[in-house]
Structure formats: C-alpha cells, structure tokens
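Examination of the molecular architecture
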Amino acid sequence: MTTEALLHRGTVGSDGPAERSVPWGSMVLPLAALVALADQFIVVVLRTSVGSIERTSDPALSWVRESVELLPVHVVAVVVALALVSRRWGDVPRGRGPAVGTVLVLAATTALAGAAILLASSLWDYHLQAAELVHHAETHRTCVDACLTRAEHASLVVQLKAVGVGIPMLAVTNVVLLGWAVALRGRPIVAASYRSGARPRVVIDDRRLALVLALVGSALVHAAVVPEHMGEWRAAGVFFVVVELAQVTAALWVWRQPGRLVLVLTAVGSVGLVVLWAVSRTAGLPFGPEAWEPEPVGLADLSAGALEVVAVACCLSLLRAERRGLPRGRQHSAHLRGAVVAAIVAVTVLGIGGSGLPAVDLLSGTGGHHDVDAAEGQTGAG
Amino acid sequence: MFGLGPMGMHWSGDMEEQNSAPLGATTDRLQDQASVPFARRTLLRLGAVGAAGAGITTAGAFVGPSLARRGLLNPDGVFSAAGTALGDTLFYVEAFPTSPLILEPFKDRLSIPKALEPEPESSYLSWTDTPGPGDGRQNSMRNERHQKWPNEISYPDPLVYKIELLVRGHSFTTSKVLPITRDGLPAKSFDADGKIYREGEERTLPVSTIYGFNGTFPGPMINAEYGKPVLIRFINSLDENPFNLDRQDFGAPDASFLTHLHNAHTAPESDGNPHYSMVMGPKKVGYETGTWVDNLYLNWPAGHDDREKQSFFWFHDHRMDHTGANVYKGMVGLYPIYDPKNGMDMGDERRGLRLPGVRKDHSDGSFDVDYDIPLAFFDARLDDGVTVHQDIHDGEGDYPDAHNPSTHPEWWGKTFFKHFPNHGFVGDIFTVNGTAFPVMEVKRRKYRFRFLDASVARIYDFQLMSSTQGPKSAVSLGYKDEDLQGQYRIEDGQQCMKFTQIASDGGLLPFPIERDNFELWPAKRREVVIDFTRYQDGTPTTKGDVVYLTNVMKMPDGRMWSKSNRFSPDPRYKVPVLKFVIGDLAEDNSQIPQQMRALPPLPSSWKSMMDNRSIFEVQRGGAGGEVEWLINGQPFTPDTVAASLKNPSGKRPLAIQKKGSFNLWEIRNGGGGWVHPFHLHMEEHRTVMRNGKDVTQRPDAGHPDDISREDLVALDPGESVIIYRGFRDFVGPYVAHCHNLAHEDHAMMFGWAISP
C-alpha cells in the first residue's frame, strides 16, 4: 500500500496522541440495549392494549424483534446524549450535579427516540385500523358515512391518547432505568473514551464512510424486497437484484478507489433511483402489471430513498471537495461521526423491517393476514 | 462493563473502559476513587442489585399467581396482562352500575314455561303467504326457498308456530329493592319523571323494556320431537310500541333480528347466521321490522343417525354486531326436543329410558312434561342512574336520542347494557327463567332439569347446597365492588346433594355421570337428574327442607373467572341462585338408566386426518370500531369463508367442506387471559384432543364433557382443542363464533360453507 493510500485512509501512526472516541462497548451499546428493551416493552404493551389487531399477536416475539431492530435508533439517541454531556460537563462528568444531569440528558434523548417510535407505531396502528373500519363498513354495511368518520376519529383519538400516556411512561422509565444503571456501575457515566496511540488504525473520510454505508444500506433494503417483487412481477425482482449488485459494487469501488468517475456514476445512479421511486409513488410507472397506478409509500422504499439521497449528498460533497482541492480524510467529532453512522444503520434496519420479510417484519407482527390460495378448498376426508 | 468480578462487586471494565479518559483524567479518577470511600460505590451497587432483586421477587409473588390462574404466566401473557391492565386504567370507559339490592330474595316463584301452542291449520292456511315449499315462500322478501321440505325426507308437514318479536315490559322481581353504591352503601335513586329519592328509601323496580319472542322473557318454549318438523314464522313487530316503553340505548338500532336455533341441524336459510343473512335472504344484517321469515326445523338427526339426536336446543337472536344486545334484551326461547322412537326419550317416565317426566299431550299436537324443567340462567345489571353510558355504538351515533355519553337517571332500575369489548359484559343479579332469586317447590321425587346458560358472558359452576343460616346479603357481610355480584351468599353452605348428569349440548350421554358440581358456559346446556328424596349421605329429605342451587364460580368480568372449583376456589363465594323447597311425596316412575345414547363411532383412522386438519386461532386486539377479535388474522367478513392456518401438511385449506364429509378442526385460544365458548353451527362435534392429548378415552379433568357430543368448544386460556365433526345433509354458508356474545359482536366469528 502506498503512503498516499495510507494517508487517504488516514492511518494513524503507532506513536500518535491518544484519540478521543465514542465508548461504544462500555457505554453506548449496553445503555442503548437497556433502554431499547424497556421502551419497546412499553410500546408493545400499549399496542397490546389499543393497537391494531393484526399487530398484537405474539407480543413477546414482537418485543424482542423490535428491540433488536430499533436498537440503532436508541444508539443514535445515546450518542447524541453523550455528545451533549461531553459538551456541557466534559468527557468524565464528576460531581452529583453532572452525574444526575447526565442521567437526565440520556433519559431525555432516549425518551425522545422512544416517543418518536411510539408515535410512528401508533400512527401506523391508526392507518391499519382506519383501513379495517372501511373494510368493516363495506362488508357489514352498518357504519358508513358520518358513522365511519366518527369511528375513524375515535380510533385516532385512542391512538393519540396512547402516545400521550406513553411518552411520560417512557421518560419516567428511562430516568429510573438509567439511574439504576449508574448505581449498578458505581460511578458516573463517561461521555468519551480515549484510545492510546499504541494500535495503528485506519481512518476514512466521514463523507466517504457515510457514502459507503448508505450504498450498502440501500442495497440491503433492495435485497430485502426482492422476494416480494419476484412474486408480483419477475422483471421487477430482477431489477432490484441488479440495483442491489450495482450499489454493492459502487460501495466497494468507493471504499477502495474513490475517484471522480465512481462518484459521478454513483450520484447519477442514485438520483435516477430517487426519480424512479418518486414517479412510481405519484404518477405510477408506465409499464408493468399495474401501469400508471401509483404504489403506496412504504417504510422500505422511504428508507431506501433516504439512503439514496444521503448517497447523492455525499457524492456531491466529495466531488466539490475534489474540485476545490480540499484534502480528503476530513473527520468530524467522534460523536457526530458515530451518530451519523448509527443513523444510517438505523434507517437501513428500518427499511429491512418494513420490507415485509416475515422474520424481521416491523409493520404487521406475526399475526398478519395470510395469503390463501382459493384452489386449496377443503373437501373433507369422508 | 456492568457486572460482578471475582473479588465481589467491582467495575470490570473492558479495555475501552480502561482507556476511557486521557492520562490526566485517569489520574483524577484514581484520586477520585481514593477519596471516595469504597463502601459508597459498593453500597450503590448493592442497592441497584437489591432493588432489582426485590422488584422481581415482589412482582413474582404478587403477580405470578394471578397470571398463572389466568394462563398468562408466559412471555406473551405478561404483555397481555399489562396491556389489559393499562386498557382498564386508561383507555376503556367501561363502567358498570351497581344494581339495587333485592330485599326479599326467594319469594318469587320460579316461572316454569308451558309449551307453546302451534297454529291450527285453519289459521295458517288463511295467512296471505302460507308456509310451504317452493320458490319465494321462505321469507317476506320472497327471494328464498326451503332447501329441504319435510316430504323430501319422508317426514310429515311441519307443525306451524307463529312467534312475533314484540316490545314489552319485564320485571325480574316483585320484591322491594334498596339502591346501593358500589361500596354497598345506600344510594339515591330516581324515576322516569325526574324525581329523586333519598338514600335508604326502598323502591319498587320499574319494568325493563324487552324485545321478546311473543313479548316474554324468556320467550316461548316449543316442545319438539324428532320426526315431527316444526316451522316457526318469526314476524318482526318491533316497530310497534303499544305501551310506549323507553327503548333505551341497546338492542339493534334498526330493531332487526335473526333467529338461530342453537344448535339444530338446519339448512342455512333457517339457521339464522350472518354469513347467510348478508348475502342471501334479507341481504342485510337481519330481518327488519315489518318482515317475516319461516325457519324450518326438520327435527332430523344429522346423517339420519339416531346416535346424533340431541335433547335441548334454544333459539336466540343472531343479528350481526348486536347479538349480545338483542339476546340481553330478551330474544331467548327454549326448544327441548324429545325422541319418541321406541319411546326412548319422549317425556314419559314409564317408557324407554324412563327419565323423569310425566307427559301431557294436548289436542293441538303440543305437549307438556311435568318434572322436566328448563332452567335458563341469565345475569342482569340494572341501571343506578349515575353511571355514564358510553360505548362504541354511542360513538357511531346509533342511539342519538340517548345523547351519550350521559347518565340516565330516568332509566334507574331498568336493565343496563353496553358493548364492552374489553371487559365483556356480566350482570350482578343472577336470574332463572327471567326471575331473580326464584323459589321452586319440588315434590319428593326425581326431576329432570335442563340447564341453559343464556348469559352474555358469565360462566357458572353449580352445586347443590344446604345452609343453616340461609342467604345473607353480600352487603351485610361487608363485601364491596365486584364481590357484590350475585347479591346474596350462603357462606355456611355445604354440598348436600349430587347431580346425575344425563345430557350435554349434544344430547343424551352414553351413560349417566354423577357430579358434585358442573360448569355451565355461555350457550351450553347440561341436563341433570336431581333426586329430592334423599341427601347424598343417604338421609331422607323431609317436607320443608331447603336446598340451594348455588353458583361457586366468581367471574367479575366477561374475560374469565377469578375463582372457581378448578382454579383456586373461594370457599366464601357461594351465591344461591335458586331455592328448592321440598314438598310432598309424589309418584315417581322414573329411573336413572345405566346406558343411554351411544356415541357415533369415531373412524379408526381419525389420527391419520390430523395432518390435514383445519386450524383456527382466535386473537385479541383492536382494529377500531366493532373489530376486537381476529380469527387467523382476519376479522369476520360476511361474504367470505375463513382459511385455515398452515396445517402440518403445509396447506391452508379454506373452510369449505364437501357435503357428507367429516374432518378434524382445531380451535386455538391465542388470546391471553380470556376464555372462549366457541360454537360451531350445524352439527355437534366430538372433542378428540385437548392440548395435544387424546381425550377420546379419558377426558381432560377440567373438561369432563369432552367425552360427549357438544356444539361448543370450551377453551381455557391458551388451550387448543381438536374436534371431529361432520358436514351432512345441507349445503350453503354457516358460521362459527365465540358465544361470549361480547366477543361474537366484535368480530370473533368466521364463515364456512358446505359445498354440494
């Protein structure tokens, strides 16, 4: 490897100064996992109480699945909290006030994340319930027009009430839980850790790292929707396989040789995907089995679209830096970098969770509707 | 990391943690550690561990037994219990009033229905639309026909009955009542004129408005016989209100009805099921006012097999989304069915099986049977005038005149009902044949009693008890809130007699079973013989002795019991519901037979059918509006048949069975903390497996009736039951549903069909 390449990747010499970093293993992941489990318990319990019926089966499994899949969201919250703590009280907050403040800041940011998840979950429940109400009205013909509107409104009110009840529960739970964690630890939480310069380490430009992650994330989301599209229209399935392979190739290319060509190609390709997605969700694609019929916006395509927008932004930023001759290897603070990485991972995981893959499905739970082949009609054994 | 080290509790940080601060900070930390007593950190950790341990232990001790009793001591159950508790506390306004205390229980005599008289031929032949076969003769819409007229099976023309749905008044007691609060304290009361009565003032109850078959509650009783078809013309006259009664805020808002003869072997057009009604016949949720329908009951055993004969049906409303409200408003009728073949069970204790009964034939073709008494149990709740009325139907604007949410002091003392899908609906006054706390004078001889649970959701567990002190009001014993349910107790009650069970839902058992007690789930029937000549220890009874039919199952809401004989019995919960006073000796030619009706044989290959069984699982949740339950992930959709969950052979068959076929169906209770009496229309079934165990030879201890034929699957929390059933004689759409009517009305129902 050439010296230039090493510089590109920002290899730090073995005798470098201690490097400030996010305490992932000792702080962020344990705290995020703890909060994720607790907060998702509340979210799932609220759903069990008032949520859409098709999402209420197997709540324990839903809890585990959602705690795992939404862990990156809580990681973002914890990293942001540690950044704020570090800024306010330093990397190792000492004294009763800073220690309590640290717990409160952590509780606030994680509760905010939990509230966002709860709100999204409740609105999704409302969406499903409203659809069910319409279905019920159409098939039973007993509650239509004004009655249906009132029923939908009542359903929305219950969901919003659940959010109103849930947010204080999340906040109190997180304060108690994080206070308990600090007590168990026996001393205050640290906001940053320091690596000695003893170990050589590869450092990559933040934008390039984000670009690689966004491409890989988008590719994973596209891979997750392949089975569904293969079942609907094989050409669409093949298209997503091609897109996924192209994004992985681009990611590898960017990682190894971030030249102008690959950045331009990646930007153009990503813009193309975003435009295609926008057309498919507004006017509808002019071909396929449902030509000119707009597809509904879903969590998976929103996530993939967001990742593609990030990819475009990163490409443009890197191209502009190159045009201006700015040095690559630019790095922001460890916490900001960590938060961005965690956010991209979170969006990726959300996208996969919204893809409809049964094992990871965040939207319908395991009690969802089953596709039935009418040709399998029962004839009995006698 | 957070954890314990080999030297006790200490910080066992990883390398990252060891390097968590620059040199200066590390030095500071060391100084910090030196300056802070070790005990403080240890104390913190001990406190954290101790608090967690104490919390888990305390929660386990207090919550664990309750969860276990409700079948919720599992991961999903914890969520269900927490969600339910949260819903009860924050989301569901499901407030029940406390009924006034009936001050003189066991004074009103038990109402024993007489057989309804059929219409004379001269009468029904003069009707504009005479009953009969052929197109357009089955209902007033003239768009249906009877699938099978009796002559097609070589049966005589049916006896014709006319039953009108009428708005009338009904009194549950003649006793004075004392209005009380939920704490049992005297309360104010009200009347329809706006007058307020002070606390402690005794009152007479106003009549409750009912929608009754022929205007009575329970409705008429038809004594039917196998081989003699019956046709009932049901006429909806609920638009008429000659006594200007307040219709209140429950019952189908459009006053429509749909009558189901539970669980007769009946063609779909006469079966009164919504799966049919929505797509054929009325093509609506029910038969509206001013319409009529002829329900034809062939009184023909499934497959023309005598072993499939049953013995006690009842008819009740089945109008979609309002079955519970309509049944609670009075739409209940009785239909014992006798078997005259070889005199086996024809109501004459001198013939056949010689079960108790003295038959009196009437010239019009009907007959009554003395010593053969139907007992319809029904729990009611009366308005206290201060409880807010509010449910989903008020939100949907079904009862605009009620202006709910609102209290209704003008309805004080009348029946209260709301759709409470979260709690279900239970009453706090237990009635028998429409009377609260009735008394029945019995002769010193054997009686046949036909028990029917006509309640919306309540399950009973009956025992026969004697009491030295007699009934005491729960209020006088210091009980409050839900412990007031049932109003009276015999805390010193002791079992004094046994039941001899002779029949279940599916008719006569193969042999009688002696029972200390038995559970009665909603819509289930149990028939027993009680010998009033002697107590269980052999001591003869004497005139004037008193025996109480006592409910020992405590069921504070419509979900399930909190105390019962099977799970943590409450020795103080003994609620007398019917008082027997033993009278004179009477002639008794009856006998308890050794053998009764043999079960239809199970095919030896039934286990080979397991892989291809149809599986239906009920799940709890909310979908807004009426939908609170799903079956296999789907709410009830009237024009479709359900699909099975994937069975062991990897298929998801539709619930369409070929006429003449048999199959295994599995019914699973997937909702935590709820019990379900799951009813399948059309043919009774046999339970072959419960919770994975073969019960064809030895029934589950908690469900001894599994060994008989039934039309309801009793599902404890988390249970799974596999039944064997046939699909014979008729084709068309049917339903299966939970007979907790609060569940049924909130979509816990699925359509299935028999194909030609």
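Sequence order as written defines the numbering, with residues in each chain counted from 1. To read the labels, note that chains go from A and ligands from 1, taken in the order they are written. Reporting in this predicted model follows two pLDDT cut-offs: at least 70 for local features of residues, and 80 or more for side-chain atom pairs to be given and counted; totals over whole chains, interfaces and linings ignore these cut-offs and use all residues.

1. Here we look at the overall build of chain A
- Only DSSP runs of H or I covering at least 4 residues are called helices, and only runs of E covering at least 2 are called strands; the numbering of each starts at the N terminus. When you go through chain A residue by residue, the secondary structure sums to eleven helices and two strands.
- In sequence order, the secondary structure elements of chain A are arranged as α-β-α-α-α-α-α-β-α-α-α-α-α.
- Residues with at least 20 other C-beta atoms within 10 Å of their own are called buried, those with 12 or fewer are called exposed, and the rest are partly exposed. The C-beta atoms themselves are positioned from the backbone. For chain A, the proportion of its 382 residues judged to be buried stands at 46%.

2. Quick look at the packing of helix H5 (residues 96-140) of chain A against helix H6 (residues 146-185) of chain A
Residue and element names in this part refer to chain A.
- To obtain each axis, a line is fitted to C-alpha atoms, and for helices this fit is confined to the stretch in contact; angles are then taken between N-to-C directions over 0 to 180 degrees. The N-to-C vectors of H5 and H6 enclose an angle of 160 degrees; their axes lie 7 Å apart at closest approach. By the angle between their axes, H5 is roughly antiparallel relative to H6. Regarding H5 and H6, the two cross each other, and that crossing is right-handed.
- The residue inventory of the contact of H5 with H6, partitioned by class, reads 26 nonpolar, nine polar and two charged. Relative orientations are named as follows: roughly parallel for angles under 35 degrees, roughly antiparallel for angles over 145 degrees, roughly perpendicular for angles from 65 to 115 degrees, and oblique for any other angle. By convention, the crossing between two helices is left-handed when the near helix turns anticlockwise from the far helix through less than a right angle, and right-handed when the turn is clockwise. Residues are grouped as follows: nonpolar covers Ala, Val, Leu, Ile, Met, Phe, Trp, Tyr, Cys and Pro; charged covers Asp, Glu, Lys and Arg; every other residue, Gly included, is treated as polar.

3. Structural notes on the sheet that holds strand E37 (residues 676-680) of chain B
Residue and element names in this part refer to chain B.
- The mixed open sheet is built from five strands, whose spatial order is E35-E44-E43-E37-E41. Every interior strand has two partners, whereas the edge strands, strand E35 (656-658) and strand E41 (712-715), have only one. Neighbour to neighbour, the strand axes of the sheet diverge by 20 degrees on average, direction disregarded.
- In this description, strands pair whenever DSSP reports at least two bridges between them. The pairing of E35 with strand E44 (residues 749-755) spans three bridges and is parallel.

4. Concerning the sheet that holds strand E10 (residues 224-225) of chain B
Residues and elements named next belong to chain B.
- A sheet is described by the order of its strands in space; here four strands give the open sequence E10-E15-E14-E12, paired in mixed fashion. Of all the strands in the sheet, just E10 and strand E12 (259-262) have a single pairing partner and so form its edges.
- Pairing of E10 with strand E15 (residues 332-338) involves two bridges; the strand directions are parallel. Bridge pairing in E15 places Glu-225 opposite Tyr-338.

5. Description of the domain arrangement of chain A
All names here are of chain A.
- Looking at chain A, the domain boundaries give domain 1 (23-191) and domain 2 (206-381).
- Taking only C-alpha atoms into account, the centre of domain 1 sits 25 Å from that of domain 2.
- In this assembly, 20 residues from domain 1 lie in contact with 19 residues from domain 2.
- Sorting the residues of the side of domain 1 that touches domain 2 by element identifies helix H3 (59-69) and helix H4 (71-89) as the ones contributing at least two each. What fixes the domain bounds is an automatic or database domain assignment. Residue pairs are scored as contacts if the distance between their C-beta atoms, which are placed from the backbone, is within 7 Å.

6. Let's talk about the pairing of E41(B)
Residues and elements named next belong to chain B.
- The two faces of E41 match: Leu-712 and Ala-714 on one face and Val-713 and Leu-715 on the other face are all buried.
- Relative to E41, E37 is paired through four bridges, and the arrangement is antiparallel. Along E41, the bridge assignment pairs His-679 with Leu-712.

7. With respect to the packing of H4(A) against helix H11 (residues 334-353) of chain A
Residues and elements named next belong to chain A.
- Running from amino to carboxyl end, H4 crosses H11 at an angle of 165 degrees, the nearest separation of the two axes being 8 Å. Comparing their axes, H11 and H4 come out roughly antiparallel. The two elements H4 and H11 meet at a crossing, and its hand is left-handed. Judged by residue contacts, Pro-72, Val-73, Val-75, Val-76, Val-79, Val-80, Leu-82, Ala-83 and Ser-86 of H4 engage His-335, Leu-336, Gly-338, Ala-339, Ala-342, Ala-343, Val-345, Ala-346 and Val-349 from H11.
- In terms of residue class, the contact of H4 with H11 is made up of 15 nonpolar, three polar and no charged.

8. Some thoughts on the confidence of the model for chain B
- Chain-level statistics for chain B give a pLDDT mean of 91 and a share of 94% at 70 or above.
- What pLDDT conveys is the predictor's confidence in a given residue, as a value from 0 to 100. Here residues 1-34 of chain B is a poorly scored stretch, pLDDT under 50, and it has 48 contacts once near neighbours within four places are set aside; other chains count.

9. As for unusual backbone geometry
Residues and elements named next belong to chain B.
- Omega for the bond connecting His-262 with Asn-263 falls within 30 degrees of zero, at 0 degrees, which places this linkage in the cis form.
- Relative to the assigned elements, Asn-263 resides in the loop between E12 and helix H6 (268-271).
- Here Ala-255, not a glycine, exhibits a phi torsion of approximately 55 degrees, which is positive.
- By the C-beta count within 10 Å, which is 23 here, Ala-255 ends up buried.
- You will see that Ala-523, though not glycine, has its phi angle at about 75 degrees, which is positive.
- Structurally, Ala-523 can be placed in the loop between strand E29 (517-520) and strand E30 (525-531).

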